[in-house]
Number of protein chains: 4
Amino acid sequence: MPKDMTPDTTIYERRESEARSYCRSFPTTFVKAQGSEMTDADGNTYIDFLAGCSSLNYGHGDPDMKAALIEHISRDGISHGLDMHTDAKADFLEAYEKHILEPRGLDYKIMMTGPTGTNAVEAAIKLARKVTGRRNVIAFTNGFHGMTLGSLALTGNSGKRNGAGGAHLGDVTHLPYDGSMGDGVDTLQFIEAMLENGSSGVDAPAAFIFEPVQGEGGLNAASDEWMQGVARLAKRLGALLIVDDIQSGCGRTGTYFAFERAGIEPDMVTQAKSLSGYGLPFAALLIKPEHDIWKPAEHNGTFRGNNHAFVTGRVAIEKFWADKSFESELQSKATVLTTGLQEVADLIPGAKLKGRGLMQGVDVGSGELAGEICARAFEKGLIIETSGADDEVVKVLAPLTTPDEMFRKGLGILLEAARDVTDNNNKIAAE
Amino acid sequence: MPKDMTPDTTIYERRESEARSYCRSFPTTFVKAQGSEMTDADGNTYIDFLAGCSSLNYGHGDPDMKAALIEHISRDGISHGLDMHTDAKADFLEAYEKHILEPRGLDYKIMMTGPTGTNAVEAAIKLARKVTGRRNVIAFTNGFHGMTLGSLALTGNSGKRNGAGGAHLGDVTHLPYDGSMGDGVDTLQFIEAMLENGSSGVDAPAAFIFEPVQGEGGLNAASDEWMQGVARLAKRLGALLIVDDIQSGCGRTGTYFAFERAGIEPDMVTQAKSLSGYGLPFAALLIKPEHDIWKPAEHNGTFRGNNHAFVTGRVAIEKFWADKSFESELQSKATVLTTGLQEVADLIPGAKLKGRGLMQGVDVGSGELAGEICARAFEKGLIIETSGADDEVVKVLAPLTTPDEMFRKGLGILLEAARDVTDNNNKIAAE
Amino acid sequence: MPKDMTPDTTIYERRESEARSYCRSFPTTFVKAQGSEMTDADGNTYIDFLAGCSSLNYGHGDPDMKAALIEHISRDGISHGLDMHTDAKADFLEAYEKHILEPRGLDYKIMMTGPTGTNAVEAAIKLARKVTGRRNVIAFTNGFHGMTLGSLALTGNSGKRNGAGGAHLGDVTHLPYDGSMGDGVDTLQFIEAMLENGSSGVDAPAAFIFEPVQGEGGLNAASDEWMQGVARLAKRLGALLIVDDIQSGCGRTGTYFAFERAGIEPDMVTQAKSLSGYGLPFAALLIKPEHDIWKPAEHNGTFRGNNHAFVTGRVAIEKFWADKSFESELQSKATVLTTGLQEVADLIPGAKLKGRGLMQGVDVGSGELAGEICARAFEKGLIIETSGADDEVVKVLAPLTTPDEMFRKGLGILLEAARDVTDNNNKIAAE
Amino acid sequence: MPKDMTPDTTIYERRESEARSYCRSFPTTFVKAQGSEMTDADGNTYIDFLAGCSSLNYGHGDPDMKAALIEHISRDGISHGLDMHTDAKADFLEAYEKHILEPRGLDYKIMMTGPTGTNAVEAAIKLARKVTGRRNVIAFTNGFHGMTLGSLALTGNSGKRNGAGGAHLGDVTHLPYDGSMGDGVDTLQFIEAMLENGSSGVDAPAAFIFEPVQGEGGLNAASDEWMQGVARLAKRLGALLIVDDIQSGCGRTGTYFAFERAGIEPDMVTQAKSLSGYGLPFAALLIKPEHDIWKPAEHNGTFRGNNHAFVTGRVAIEKFWADKSFESELQSKATVLTTGLQEVADLIPGAKLKGRGLMQGVDVGSGELAGEICARAFEKGLIIETSGADDEVVKVLAPLTTPDEMFRKGLGILLEAARDVTDNNNKIAAE
């Protein structure tokens, strides 16, 4: 597309709220996306290492999902069906049972919540409070669980919390996540001290909720021991264990669920982002059958049956999770990623790798530096973002299906970008 | 499809949460839908007077939207783009500006929130609190605004509120909606008495939020005078006016926005349900430019840019709202509806009509009777539901595009169902 | 005492918090008080129509209480005994049972709370929540119940509420007090409409709490019918009825309890102010025996057994409430008061009488005018204060024991003060 | 008094609320008290090692205070004066300024709050929120600050918290007190980790509040370093430092204020209990002048000017704090106490000493054992109570003025009681 055909973007300034954000980091208009690449209106192609913040684990427009979706639409399949029974929903549930739950020996009821991660989180904490008759929920430092009031109360980031405009963010106690107090400090000790003292002032919890790897919080990965310790403590206290696997799930850390490696069985698991496989809005809450005490419609929502998402979500499961081949590919890709990121880290004094599996990044020590690297990478054709309390982590969330060559190419761009920025900063410092 | 090919539905009992609800009223599996009809796995066809709770105002699978959506998918148009600029979004915004805002002399910024109504409501109250520096929000009896914690606090229904499991539903004052205290009682007088007395204990409000016609609350319609009175009071108190037009908007009550007839200009308007036109998850918050003080990403969400919904939503606007013809059709359809419902009401002592435009129903006095009528209607091929605090209102939310003949046919089924039930009840009473 | 011996008052500016208030209205140093008179350091004597805000219903330093107190102190009677058994406490309880409860056919357990009214209120709402398992408490416009967080949440005045510095004042719904919506509007109708609609958003209440006559709120007196209506409604809803009789009790409105006239039997009654009879800190909560489910020390407090107050409080009961004579005197005194206040009201266009018994005043229409009248009265030797949302009521809270001559003299000063101020204002207006 | 003259105590069962507690541990009726002894109706005399929970630091009925109080009452001095200027108040303030503030180089405004410790605490947190514009207050494990809703939210004990009946105890974060996580664990490290991470989810605090030695929480004494660390952290975060010296103040730990030894200067200090010196209800909040931003009456209360308490409180200051002699006596008494308690501790495996100064006790490992020891001591003529989360600490709060011989006698009884109980338990175990 020649330059002069670039769409006029003043419509955004004129009509879209100031809340918009990613478009500020990637100032172009995207018109097409396939696999791990996005194309803008000028015909420029970018490698996508953001993947809809882990919503596109299988890449953009997977051809099998695409075909199934077009077929469904073409034959007037149900688009919106509230929570009525549809063939698309039944097929999804059966695939989920067969390929996700049964092979892992997991027994969950699936609640189709409103199709956003925050809605699944809200449903989870409501249910935990109903089940236990307690109000307090334990959340963790640097956790991110969503922007509606119940989820925001669980979220750590003060900027996000300020968005509540002073509304009460209550009934939550925040305790330190694994590693948050520095190397060698076992935060479980602190957590237990606060929760096992009947005079601590921390009320008995209805639930614990944590992310196995914190996406927004800076790619902090909980150790297996920590996850197990929290699970044991929850059981001891009569509280439910909720794992928020929205960003870390669907293979992102190397297994379908990010908590699998710890051998724990959460009472509830929240899923969203890559659940539809195609970037379509879809969220679900897994609930151990004994806790599924909802009355009909006690938690409801208009879009809780997104049938397009059922169609693509089923294909995603059948294509990628019917056997172990995809999972084993992830292992080797993770090694490629670690190697590539280490090269970046080596450029920057004090930088260190964060995360796990295909959810890794480099903590470069400052949000400014991380932002410069990402901006430079975009100029060179790579879409990549930061995370962390101070945006200090350059975060790679590439599609899990990114072909090896393209993956290396993307990592190469990142390395170049980091080199450009550090070289330039060194030059400035030298002047 | 012969009976013995009916899909096995035990998957739902086995794997779907007890929270599911509509599937209990309409116990069949739907496989196809077009226009105002849905078809089940046995090949039975039903007239749809529920329309995804007003999410399908233009019917199922509108052919123009369908074609545009298939074209978009086929050409690898963006599916998920976070809140990046895309051609689909630009086109939607331009259509919205040209056909919705400009003809009505309205000036709003559009915030793409998470694609559920409750998310738009949560964003609205957060913003109102930020803008005013106040916490309290005035909501109204029988109002329904969603199930996440912030919206649930605004919602009246005690069953839904109990779903919070005892979590704090605070920072909200509930006051009586128009008509809620009986005919001839002006609830504005009460509202003003509570809010204009500095010693009432009701803290100065950040905002008022109301639905022009209450969908879940029983098809209560606010008079123009009441809406104007609330708008004036909000202004006087330095509070923002938020209209929740999620169920009543997109033509449902006879105009694009349900508040247009009152000549008010809300500070914010929430939209969802029929905004995509195709039943796809999509929600937006309209914000007067002077209140759009969000920082980038201060309220965010993964699925806030559902590009499929932008595509169909644009077609919906261009097809139905580019001129006044659709709106004028709604007027005559509303008359048909009123006439049809009056016939039902005439069968039942004390029954009365509720609602406005194509959002009307009959209050039959008890939830039991209303439920029996809807169940009988379903047996006869009509999908229809109840609403109201005690489910006492038989509610018609047919697609606005339902052809006249089919509309009359559906109303005919409803009348028959009501007659069957009342005849039978009379027979039982006589025995 | 000659002028030059006036104590230096700079100590107050230097060392006492800015929160101090009455000393600003009555800028002198008091050194002595007897009966209905206070004497300052300059030897000036003032008639006291404030009576410690109804804490000195039997006047200052009643000679019998004084003698008993001195005797108790002299013989090393217990001063502070936590909540241990003491002879002083037993004697008080027996007098209370014999002269207050039994003659009125009332059966209450007495809880000695911390010796402040607000502590009794806090204990009451805690207990109501424990008994009912509900959280919401219904309080009323213009109500005043104290300044600690639980009581402040019940209080209407926005200035007082702002003192919380933004802390959450929750779990309370404020509804309109009798008469608060203007003459002829039955606020019970509104209260019932909000509480008997399961979708109103007002959660089922644990309790209702009201003052029979609102002292701080502007001497608003609830009718018997209204009190009965609230009592019936509370019973119907399974909520407890708490009467806050702190300012209106101990004879202030003409009977020992201000609610007696309505024939209601509250589930709990808060008492303080004149309970000790001598101005000593003392508060109690009356609890119907079936609701007395406290565990030992579940609500406690260091000073909950003020034995000096038990001594004087017992004398007060035996002296004034052993027979009906004191009560009948109050009736005639109230008539004197009404007559005197009517003369004041007649001077001021639009002024109207407020209150009941010896808790009456004149609403002069503005806080400024009321303040001027009180200031002028003080210059003339009368201590009197304002009340109401805007301090618009000149309030008489004379000791109930004020001799008739002195009472008339005080009312005469008030009339003169009002005349001075209105004359002067008229003069200014005429210029 | 002969046995048969014992007062009838059924009045308590009949009329006093079940909330009563100390009378259950000390089941007799007290009629007289002098110095460190209390006498019951049977003429039995008990040594008082409870001292009104540290409200009687100068013993019962100090003769100088007694004389001054009788003189004040006899000459019709003001008893109740709201917050008007009185000679008694001026004299108290001047003594306080001269003997307490000036010698310590402290500059505070004094706020006369309602005369209970909890009221001073409530005033402090309200003011801290007003001053900082923040809501969150940091309180500590095992802290006790009172029973009204604002103070209860700060309190750790779950039994006390449950008394709120489910009301919201919000706007507070509880963090670990010094020593609460075991020997050798520096809780400041945890506190700083939670408060200096902008994504911890712990909102920026308005204030920190702690007791230098936790009375109810089990005689936990904060080290000087910890107090200094909290003070520094508060300053760094822009939060106010509130020291709750209600139980630990007025000489209890060896200095007038318990925080003096750490060399910190709190922004606010709460005082009550022994402030009047005579067990009379009296509380005050010390406020650094720059924070004294109260509007007149923004926090008020009927009994905030207890003039009897001003009289005795002034004598207490002049008698005990005009020079250093009393303070130096406390040092030697504390040694006696430590020695005596060590003998008790030596009897019980695992027992350890807790506390500081004349606020010491023995943690005997279980509430049951501690209770048995106290009960046995009472039989032998000693009034003594337990404290701690599980009542596991035998706590000595003798009057600071207890003559040495009586002090040793009391400690002797305690040792005997402990021996009786442990001997008996050993005998039972051996059987």
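Residues numbered from 1 in each chain as written. Chains lettered and ligands numbered in written order. Predicted model: local features only at pLDDT ≥ 70, side-chain atom pairs only at ≥ 80, totals over all residues. Heavy atoms only, no water.

In the annotation of an unreviewed UniProt entry, the entry for chain A reads Diaminobutyrate--2-oxoglutarate transaminase, and the organism field reads Pseudooceanicola batsensis. Looking at chain A in UniProt, the text filed under Sequence similarities (unreviewed entry) is "Belongs to the class-III pyridoxal-phosphate-dependent aminotransferase family." What the UniProt record of chain A gives under Pathway (unreviewed entry) is the line "Amine and polyamine biosynthesis; ectoine biosynthesis; L-ectoine from L-aspartate 4-semialdehyde: step 1/3." (UniProt positions renumbered as here; feature names shortened; annotations may be inferred.)

Colleague: Go over the sheet that holds strand 18 (residues 393-396) of chain D with me, naming the residues and quoting the values.
Modeller: Residue and element names in this part refer to chain D. The four strands are arranged 14-15-18-17 in an open sheet whose pairing can be described as antiparallel. Only two strands of the sheet have a single neighbouring strand rather than two, namely strand 14 (352-356) and strand 17 (385-387). Within this sheet the neighbouring strands show an average axis-to-axis angle of 35 degrees, counted without direction. As paired elements, strand 14 and strand 15 (residues 359-363) share five bridges and run antiparallel to each other. Across the sheet, the residue bridging to Lys352 is Asp363, located in strand 15. Packing of helix 12 (residues 325-347) onto the sheet brings it into contact with strand 14, strand 15 and strand 18, and relative to strand 15 it is tilted by some 10 degrees. (Pairing = 2+ DSSP bridges. Helix = DSSP H or I, 4+ residues; strand = E, 2+ residues; numbered from the N terminus. Axes fitted to C-alpha atoms, helices over the stretch in contact; angles between N-to-C directions. Contact = heavy atoms within 4.5 Å.)

Colleague: So what about the packing of helix 5 (residues 87-101) of chain C against helix 11 (residues 307-320) of chain C? Which residues, and what values?
Modeller: Axis angle and axis distance: for two packed helices, these are the angle between their axes and the distance between the axes, and together they describe the pair. Residues and elements named next belong to chain C. Interhelical geometry of helix 5 versus helix 11 gives an angle of 30 degrees and a closest axis separation of 8 Å. Compared by their axis directions, helix 5 and helix 11 come out roughly parallel. Read as a crossing pair, helix 5 and helix 11 show a hand that is left-handed. Across the interface between the two elements, Ala88, Lys89, Asp91, Phe92, Ala95, Tyr96, His99 and Ile100 of helix 5 pack against Asn307, Phe310, Val311, Gly313, Arg314, Ile317 and Glu318 of helix 11. Split into classes, the residues belonging to the contact of helix 5 with helix 11 amount to eight nonpolar, three polar and four charged. (Parallel < 35°, antiparallel > 145°, perpendicular 65-115°, else oblique. Left-handed = near helix turned anticlockwise from the far one by under 90°. Nonpolar A, V, L, I, M, F, W, Y, C, P; charged D, E, K, R; others polar.)

Colleague: An account of helix 12 (residues 325-347) of chain B is needed here, citing residue identities and associated values.
Modeller: Given 3.6 residues per helical turn, the α-helix brings residues three or four places apart onto the same face. All names here are of chain B. For helix 12, with 23 residues, the first-to-last C-alpha span of 35 Å sits near the 33 Å given by 1.5 Å per residue. Here helix 12 has its buried residues at Phe326, Glu327, Leu330, Lys333, Ala334, Val336, Leu337, Gly340, Leu341, Val344 and Ala345. Each element contacted by the buried residues of helix 12 is listed here: helix 11 (307-320), strand 14 (352-356), strand 15 (359-363), strand 18 (393-396) and helix 14 (404-430). (Expected span 1.5 Å × (residues − 1). Buried < 20%, exposed > 50% of the residue type's maximum accessible area, 1.4 Å probe, protein only.)

Colleague: Can you break down the packing of aromatic side chains residue by residue, with the values?
Modeller: All names here are of chain A. Per the counting criterion, the structure on display carries 83 aromatic pairs over all chains. Between the aromatic rings of Phe140 and Phe210, the centroid separation amounts to 6.5 Å while the plane-to-plane angle is 75 degrees, which identifies the pairing as edge-to-face. One end of the pair, Phe140, is in strand 6 (residues 136-140); the other, Phe210, is in strand 8 (residues 205-210), and 70 residues separate them in sequence. Aromatic rings pair up to connect Tyr58, Phe92, Tyr96, Tyr256, Phe257, Phe259, Phe282, Phe310, Phe320, Trp321 and Phe326 into one cluster. (Phe/Tyr/Trp six-rings, centres within 6.5 Å; stacked < 30°, edge-to-face > 60°.)

Colleague: If you had to explain the sheet that holds strand 7 (residues 172-175) of chain D to someone new, which residues and values would you point to?
Modeller: Residues and elements named next belong to chain D. Taken together, the seven strands give an open sheet; going across it, the order is 5-13-12-11-8-6-7, and neighbouring strands pair in mixed fashion. The strands lining the two open edges of the sheet, one partner per strand, are strand 5 (109-112) and strand 7. Neighbour-to-neighbour, the strand axes of the sheet open up by a mean angle of 20 degrees, direction not taken into account. As paired strands, strand 11 (residues 240-244) and strand 12 (residues 268-271) are joined by three bridges and run parallel to one another. Considered in strand 12, the bridge of Asp244 is made with Thr270. Taken strand by strand, helix 10 (residues 224-237) contacts strand 6 (136-140), strand 8 (205-210) and strand 11, and its axis lies near 170 degrees from that of strand 8.

Colleague: Give me the lowdown on the domain arrangement of chain A, citing residues and values where you can.
Modeller: Split by domain assignment, chain A resolves into domain 1 (1-44) and domain 2 (64-320). Taking the mean C-alpha position of each, domain 1 of chain A and domain 2 of chain A sit 32 Å from one another. (Domains from an automatic or database assignment.)

Colleague: Residues and numbers for the interface of chain A and chain B, please.
Modeller: The interface is formed by 109 residues belonging to chain A together with 109 residues belonging to chain B. Roughly 9,500 Å² of surface becomes buried between chain A and chain B when both sides are summed, with 58% attributable to carbon and sulfur atoms. One can count twelve salt bridges joining chain A with chain B. Between Arg15 of chain B and Glu97 of chain A there is a salt bridge, and its shortest N-O distance comes to 2.9 Å. Here chain A and chain B share 56 residue pairs in polar contact (both at pLDDT 80 or more) between them. The element best represented in the side of chain A that touches chain B is helix 5 (residues 87-101) of chain A, accounting for seven residues. Of the residues assigned to the side of chain A that touches chain B, the class counts are 44 nonpolar, 33 polar and 32 charged. Two elements, strand 4 (residues 85-86) of chain A and strand 1 (residues 29-34) of chain B, share two bridges in a ladder whose sense is parallel. Directly across from His85 of chain A, in strand 1 of chain B, lies its bridge partner Thr29 of chain B. (Buried area = accessible area lost by both parts, 1.4 Å probe. Salt bridge = Lys/Arg side-chain N within 4 Å of Asp/Glu carboxyl O. Polar contact = N/O pair within 3.5 Å; in protein donor to acceptor, adjacent residues only side chain to side chain.)

Colleague: Lay out the relation of the copies chain A and chain B in plain terms, naming residues and giving numbers.
Modeller: Overlaying chain A with chain B gives an RMSD of 0.0 Å, the required rotation being 180 degrees about an axis along which the chain moves by 0.0 Å. Considering both components of the superposition, the chain copies are consistent with a two-fold axis. Scanning chain A for the C-alpha nearest the rotation axis identifies Leu149 of chain A, at a separation of 2.7 Å. (Least-squares fit on C-alpha atoms with pLDDT ≥ 70 in both.)

Colleague: Which residues make up the nonpolar core, and what values do they have?
Modeller: Formed by 399 residues in total, the largest nonpolar core has its most connected members in Phe208 of chain A, Phe208 of chain B, Phe208 of chain C together with Phe208 of chain D. Residues within four places of Phe208 of chain D in sequence aside, it is in contact with Ile138, Phe140, Ile191, Leu195, Val230, Leu233, Ala234, Leu237, Ala239, Leu240, Leu241 and Ile242 of chain D. In terms of nonpolar packing, the next biggest core, distinct from the first, is built from 68 residues, Ala153 of chain A together with Ala120, Ala128 and Ala207 of chain B among them. (Core = buried A, V, L, I, M, F, W, Y, C linked by side-chain atoms within 4.5 Å.)

Colleague: Describe unusual backbone geometry, listing the residues and the values that go with them.
Modeller: Positive phi values are uncommon outside glycine, yet Cys250 of chain B reaches one of about 55 degrees. Looking at Cys250 of chain B, the relative accessible area reads 2%, which means it is buried. Positive phi, close to 35 degrees, is recorded for Lys273 of chain C, a residue that is not glycine. Examined against the element boundaries, Lys273 of chain C turns out to sit in the loop between strand 12 (268-271) and strand 13 (284-287).

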